[in-house]
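Residue-level structural notes
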Amino acid sequence: GPDGVKCDACRAGTFKVGNGTGACISCAMDLYSTTVAAVTPDTCLGCPAFTRSDIGSGIITNCSCIAGYTGPDGAECDACRAGTFKVGNGTGACISCAMDLYSMTVAAVTPDTCLGCPAHTRSDLGS
């Protein structure tokens, strides 16, 4: 707070290094901190593998899977297997390539990786 007025603690996801009236600084994108009243940027921890968080994230579950990966918020995510894709970030499931399409791409982020089967061949859903 202003000089002579009671100060507020920096919320989780932020920190402030020195004394004075300066503002709390947010943890960077892809980092989070559960510490309230943090005084060092070292309290900002990296999100689990293949996840992303917004600036100033205050809990690990703000870290969500990136496109091409699936899993619960706050945990390391698994790549979408070949024959599947996931377009956006979040906890959503990987989507199977349609019947008669296939993909050999792991962690695919677009349905464009699903290709038509060669002439006179077929494939099952998610091939």
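Our structure's up above, just so we're on the same page.
Residues numbered from 1 in each chain as written. Predicted model: local features only at pLDDT ≥ 70, side-chain atom pairs only at ≥ 80, totals over all residues. Heavy atoms only, no water.

On to the side chain of T84, then. Mapped onto the elements, T84 comes out in strand β9 (residues 84–85). For T84, the side chain forms a polar contact with the main-chain oxygen of R81, separated by 2.6 Å. Beyond its immediate stretch of four places on either side in the chain, T84 contacts C94, I95, S96, C97, T105 and A108. (Helix = DSSP H or I, 4+ residues; strand = E, 2+ residues; numbered from the N terminus. Polar contact = N/O pair within 3.5 Å; in protein donor to acceptor, adjacent residues only side chain to side chain. Contact = heavy atoms within 4.5 Å.)

What the rule picks out here adds up to two salt bridges. Here R52 ties to D30 by a salt bridge, and the two come within 3.0 Å at their closest N and O atoms. Taken together, the residues span a long stretch of sequence, with R52 in strand β5 (residues 51–52) and D30 in the loop between β2 (25–26) and β3 (31–32) at a distance of 22 residues. Taking relative accessible area as the criterion, R52 reaches 38% and is therefore assigned partly exposed. The salt bridge partner of D100 is R122, with a shortest N-O separation of 3.1 Å. (Salt bridge = Lys/Arg side-chain N within 4 Å of Asp/Glu carboxyl O. Buried < 20%, exposed > 50% of the residue type's maximum accessible area, 1.4 Å probe, protein only.)

Topologically, S123 is positioned in the segment after β12 (115–116). With relative accessibility at 11%, the residue S123 sits in the buried group. Of note is the side chain of S123, whose polar atom sits 2.9 Å from the backbone oxygen of L101. Discounting residues that sit within four places of it in the chain, S123 has contacts with M99, D100, L101, Y102 and C117.

Within this structure, the stated rule accounts for six disulfides. Between the sulfur atoms of C47 and its disulfide mate C63 the distance is 2.0 Å. Here C47 and C63 share a disulfide; its torsion about the S-S bond, -65°, makes the bridge left-handed. Of this pair, C47 sits in the loop between β4 (45–46) and β5 while C63 is found in the loop between β5 and β6 (64–65), placing the two residues 16 residues apart along the sequence. On the accessibility criterion, C47 (16% relative accessible area) is buried. (Disulfide = S-S within 2.5 Å.)

Moving on to the environment of T14. Positionally, T14 belongs in strand β1 (residues 14–15). Spatially, the C-alpha atoms of T14 and C24 are 5.9 Å apart, while their sequence positions differ by 10 residues. If we ignore the near neighbours within four places in the chain, the residues touching T14 are C24, I25, S26, C27, T35 and A38. Of the polar contacts made by the side chain of T14, one reaches the backbone oxygen of R11; its length is 2.6 Å.

What follows deals with the environment of G20. With respect to the element layout, G20 can be found in the loop between β1 and β2. With relative accessibility at 38%, the residue G20 sits in the partly exposed group. Separated by 13 residues in the primary sequence, G20 and C7 have C-alpha atoms spaced 9.3 Å apart.

Even without being glycine, A37 reaches a positive phi, approximately 65°. Here A37 is to be found in the loop between β3 and β4. Here A37 falls in the partly exposed class, since its relative accessible area comes to 41%. Even without being glycine, D100 reaches a positive phi, approximately 70°. Checked against the element boundaries, D100 lands in the loop between β10 (95–96) and β11 (101–102).

Honestly, that's just the spatial picture; any functional story needs more than this.
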